[in-house]
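Okay, here's what each chain looks like letter by letter:
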Amino acid sequence: MIPFALSPALAPGKAAPYVIAAYIVFLAIVLIYVAIMARRLTRTERDLSELGREVDQRAVEAEHREEEPVG
Amino acid sequence: MRAALTVLRKDLTLELRTFETVPAMALFSLTTFVIFHFGLDRSTVSGQLAAGVLTVTLLFAALLGAGRLFVAEREQGGFDAFLLAPVDRNAMLIAKAAALFIFLAVLELVAVPAFALLLLGPPLWPRLLGLIAVLALADLGIAVIGTLTSAIAIHTRARDLIGPIVGLPLLIPALIATARAAGPLLQAHSSGSPPGKWLAVLALYDCVFGLVAYAVFDFLLQE
Amino acid sequence: MTSYGKGLRALTLSTVATVTVALALVFFYAPLDADQGFVQKIFYLHVPLAIVSLCGFVLGGLLAIGHLRTGDRKWDLRSYVAIHMALIFGIGGLITGSIWAKASWGHWWVWNEPTLVSFLIVLLLFATYQPLRFSIEDPERQARYASVFAIVAGAFVPLNFIAVRLAQQFVHPRILTLGGGNLPGSMRLTFIVSLIGIALLYATLWKYEMAAKSARMQARRLRRSLLGGDAVRPLGRSAAPS
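Residues numbered from 1 in each chain as written. Chains lettered and ligands numbered in written order. Predicted model: local features only at pLDDT ≥ 70, side-chain atom pairs only at ≥ 80, totals over all residues.

Draft legend 1. Broad picture of the overall build of chain C. Assigned secondary structure in chain C consists of seven helices and zero strands. Element order for chain C, N to C, with α for helix and β for strand: α-α-α-α-α-α-α. Residues classed as buried in chain C amount to 48% of the 242 residues present. Across chain C, contacts joining residues at least 24 apart in sequence account for 81% of those joining residues at least 6 apart. (Helix = DSSP H or I, 4+ residues; strand = E, 2+ residues; numbered from the N terminus. Buried ≥ 20, exposed ≤ 12 C-beta atoms within 10 Å, placed from the backbone. Contact = placed C-beta atoms within 7 Å.)

Draft legend 2. Main features of the overall build of chain A. The helix and strand tally for chain A stands at one helix and zero strands. Burial status across chain A gives 7% buried among its 71 residues.

Draft legend 3. Fine view of the interface of chain C and chain B. Taken together, the contact between chain C and chain B spans 24 residues of the former and 25 residues of the latter. Elements that contribute at least two residues to the side of chain C that touches chain B include exactly α4 (114-126), α5 (129-134) and α6 (139-168) of chain C. For the side of chain C that touches chain B, the element with the highest residue contribution is α6 of chain C, accounting for 15 residues.

Draft legend 4. Examining the nonpolar core more closely. Within the largest apolar cluster, 150 residues are counted, with the highest numbers of intra-cluster contacts made by Leu202 of chain B together with Phe149 and Val152 of chain C. Those residues in contact with Phe149 of chain C, other than ones at most four positions away along the chain, are Ile152 and Val166 of chain B together with Tyr129 and Leu132 of chain C. (Core = buried A, V, L, I, M, F, W, Y, C linked by C-beta atoms within 7 Å.)

Draft legend 5. Region of the structure containing the packing of helix α2 (residues 22-40) of chain B against helix α3 (residues 47-67) of chain B. Residue and element names in this part refer to chain B. Closest axis-to-axis distance for the α2/α3 pair is 9 Å, and the angle between their directions is 145°. α3 is crossed by α2, and the crossing has right-handed handedness. Where α2 approaches α3, its residues Ala24, Met25, Phe28, Ser29, Thr32, Phe33 and Phe36 are matched on the opposing element by Val53, Thr57, Phe60, Ala61, Leu64 and Gly65. Taken together, the residues of the contact of α2 with α3 break down into nine nonpolar, four polar and no charged. (Axes fitted to C-alpha atoms, helices over the stretch in contact; angles between N-to-C directions. Left-handed = near helix turned anticlockwise from the far one by under 90°. Nonpolar A, V, L, I, M, F, W, Y, C, P; charged D, E, K, R; others polar.)

Draft legend 6. Inspection of the arrangement of the chains at higher detail. Ranking the two pairs of chains in contact by number of contacts places chains A and C first. One finds no contact between chain A and chain B; the C-alpha atoms of the two approach each other to within 25 Å at their closest.

Draft legend 7. Expanded view of the confidence of the model for chain C. On average, residues of chain C score 84 in pLDDT, and 86% of them reach the 70 mark or higher. Prediction confidence for the complex, expressed as pTM and ipTM, is 0.85 and 0.86 respectively. (pLDDT = per-residue confidence, 0-100.)

Draft legend 8. Spotlight on the confidence of the model for chain A. Put simply, chain A has an average pLDDT of 79, and 75% of its residues get 70 or more. In the model, residues 1-8 of chain A has pLDDT below 50 throughout and makes 15 contacts with residues more than four positions away in sequence or in other chains.

Draft legend 9. The arrangement of helix α7 (residues 128-153) of chain B in detail. Compared with the 38 Å implied by 1.5 Å per residue over 26 residues, the 35 Å span of α7 of chain B between its first and last C-alpha is a close match. In terms of burial, α7 of chain B is largely enclosed, as 21 of its 26 residues are buried. (Expected span 1.5 Å × (residues − 1).)

Draft legend 10. Layout of the environment of Thr21 of chain B. Residue and element names in this part refer to chain B. Tracing the sequence through the fold places Thr21 in the loop between α1 (2-18) and α2. Of the residues examined, Thr21 has 24 C-beta atoms within 10 Å and is grouped as buried. A C-alpha to C-alpha distance of 9.8 Å links Thr21 and Ala61, two positions 40 residues apart in sequence. Once you skip the residues sitting within four places of it in the chain, Thr21 turns out to touch Glu15, Gly65, Arg68 and Phe103.

Draft legend 11. Focus on the packing of α3 of chain B against helix α6 (residues 90-118) of chain B. Residue and element names in this part refer to chain B. Contact geometry for α3 and α6: axes closest at 11 Å, N-to-C directions at 145°. In the crossing of α3 with α6, the sense of the turn from one axis to the other is right-handed. Counted together, Leu54, Thr57, Leu58, Ala61, Ala62, Gly65 and Ala66 of α3 and Leu100, Phe103, Leu104, Leu107, Glu108, Ala111 and Phe115 of α6 form the full contact between these two elements. Partitioned by chemical class, the residues of the contact of α3 with α6 number 11 nonpolar, two polar and one charged.

Draft legend 12. A look at helix α7 (residues 185-227) of chain C. In a regular helix each residue adds 1.5 Å, so 43 residues correspond to 63 Å; α7 of chain C covers 62 Å between its end C-alpha atoms and thus fits that length. Taken from the residues just after α7 of chain C, Gly228 of chain C is the one with a positive phi, measuring 90°.

Draft legend 13. Up close: the environment of Ile88 of chain C. Positionally, Ile88 of chain C belongs in helix α3 (residues 73-105). Along the sequence, Ile88 of chain C and Leu49 of chain C sit 39 residues apart, while their C-alpha atoms lie 9.6 Å from each other. If we ignore the near neighbours within four places in the chain, the residues touching Ile88 of chain C are Ile29 and Tyr33 of chain A.

Draft legend 14. Expanded view of unusual backbone geometry. Residue and element names in this part refer to chain B. The backbone of Phe19 shows a phi angle near 50°, a positive value even though the residue is not glycine. With respect to the secondary-structure elements, Phe19 resides in the loop between α1 and α2. According to the C-beta neighbour criterion, Phe19 is exposed, with 10 such atoms within 10 Å.

Right, here's the structure in full:
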């Protein structure tokens with residue numbers, strides 16, 4: 001470590017806000033990312049459930065069509 | 001190799017007939033020197049400051065020139081014609097980079113004496129050889145990167161913007177080396193030979209990016 | 001299609017464990033630095049973020065080589081996510097570096113710290129990656145050009161570092177970064193654990209993003225085949241690979 005005489009060594013009390021700020025920035029970045037991902041995933045989930053409903057609906061229609069010629 | 005020379009000759013002929021690029025670059029440089037005079041509020045500059053002014057001016061002039069490199073190919077179907085020809089595709093890279101290098105050399109023939117006249121404090125003559133060495137290496141790097149970024153930019157929507165914003169950061173190491181090599185040269189009492197360390201950095205830069213450009217250029221030309 | 005979700009849970013758990021251990025080491029084990037005091041603790045956050053970010057950019061270049069060699073767009077997606085993540089980590093590194101500079105030097109920015117400066121230049125370069133992609137409409141060309149950029153930019157990272165380092169040498173003392181060889185053992189251990197933690201975090205987020213994108217693409221494909229081409233909302237001009 002190259003000591004630099006003019007650099008003030010802040011006591012833990014005064015330095016703490018900066019250290020905490022740095023770690024908060026890090027946490028914020030990660031959490032913001034998680035939030036963005038959550039939004040994207042709910043959208044995909046909605047998409048997939050809609051597609052699922054469509055598939056079910058078509059299965060039901062196929063059944064109806066099979067029954068008609070008989071009846 | 002012959003294909004590269006052909007394309008190069010075509011570009012040089014085009015430039016000689018239309019005088020589109022190099023005079024504009026030269027004019028731009030001269031105007032920039034005037035702006036620096038007023039911006040810095042100095043009648044002469046020397047040493048590192050002079051190196052900085054000269055490097056920045058040449059850089060922006062080079063970006064102007066690089067932006068024009070592929071415009072004719074793009075607008076008049078030159079790319080298609082080239083792709084149809086049975087030649088090594090890197091010939092275009094070599095030709096265009098050589099053209100840009102030549103444009104820069106001609107530009108410096110005008111801009112450096114103008115700089116010595118307008119702004120430079122110490123006399124140019126004793127330092128000329130050293131400066132030529134530095135600028136030659138720098139121009140090589142600028143030519144390679146300028147050609148590469150211009151080729152990338154020409155197919156994008158905002159081609160005049162994409163070229164510079166991609167090219168400038170890529171050129172920063174070369175510019176650091178150029179400015180730092182020229183700094184001691186342009187001082188009032190200098191030995192006339194640029195620091196070897198920075199010439200080595202420039203040479204390394206030229207080699208690395210020359211090789212990288214050669215390796216990837218083919219992919220830029222595919223349809 | 002490769003399943004990116006596989007192994008994601010194990011990766012996440014190991015990330016959580018490592019980061020927790022790292023934080024504990026930073027605040028309860030590592031000694032106070034004699035010169036900088038408590039402020040030096042930021043070092044355990046800033047330097048790993050910077051290192052992982054730079055490695056991420058180089059990784060993006062390597063993945064792009066895979067794309068150009070195989071022509072498979074899957075590699076382009078991997079390269080895009082790697083660069084995207086590296087950019088986010090890089091911005092984090094830059095902000096924490098700036099906070100460190102302010103706390104220990106009094107200015108929000110210092111030019112005589114070569115790592116920070118070369119980092120700024122690298123970020124300036126990679127910040128153009130998305131605008132570049134965004135301005136090319138044809139997806140295949142977009143992927144190809146982006147890969148070329150990633151390779152050139154990946155080669156740029158070490159060169160830039162060398163040039164900036166050389167420019168500062170012998171002119172200014174390096175203030176912020178601790179020399180690799182001078183770290184006492186306890187600090188070195190803490191640093192290495194922090195580095196591994198951040199690297200694991202990068203890997204986790206990369207996998208996470210790949211899984212989400214892959215799922216979204218498959219959903220679109222299903223939608224297109226089930227409901228017809230009209231039901232699929234066009235992605236519009238997108239910076240991301242499609």
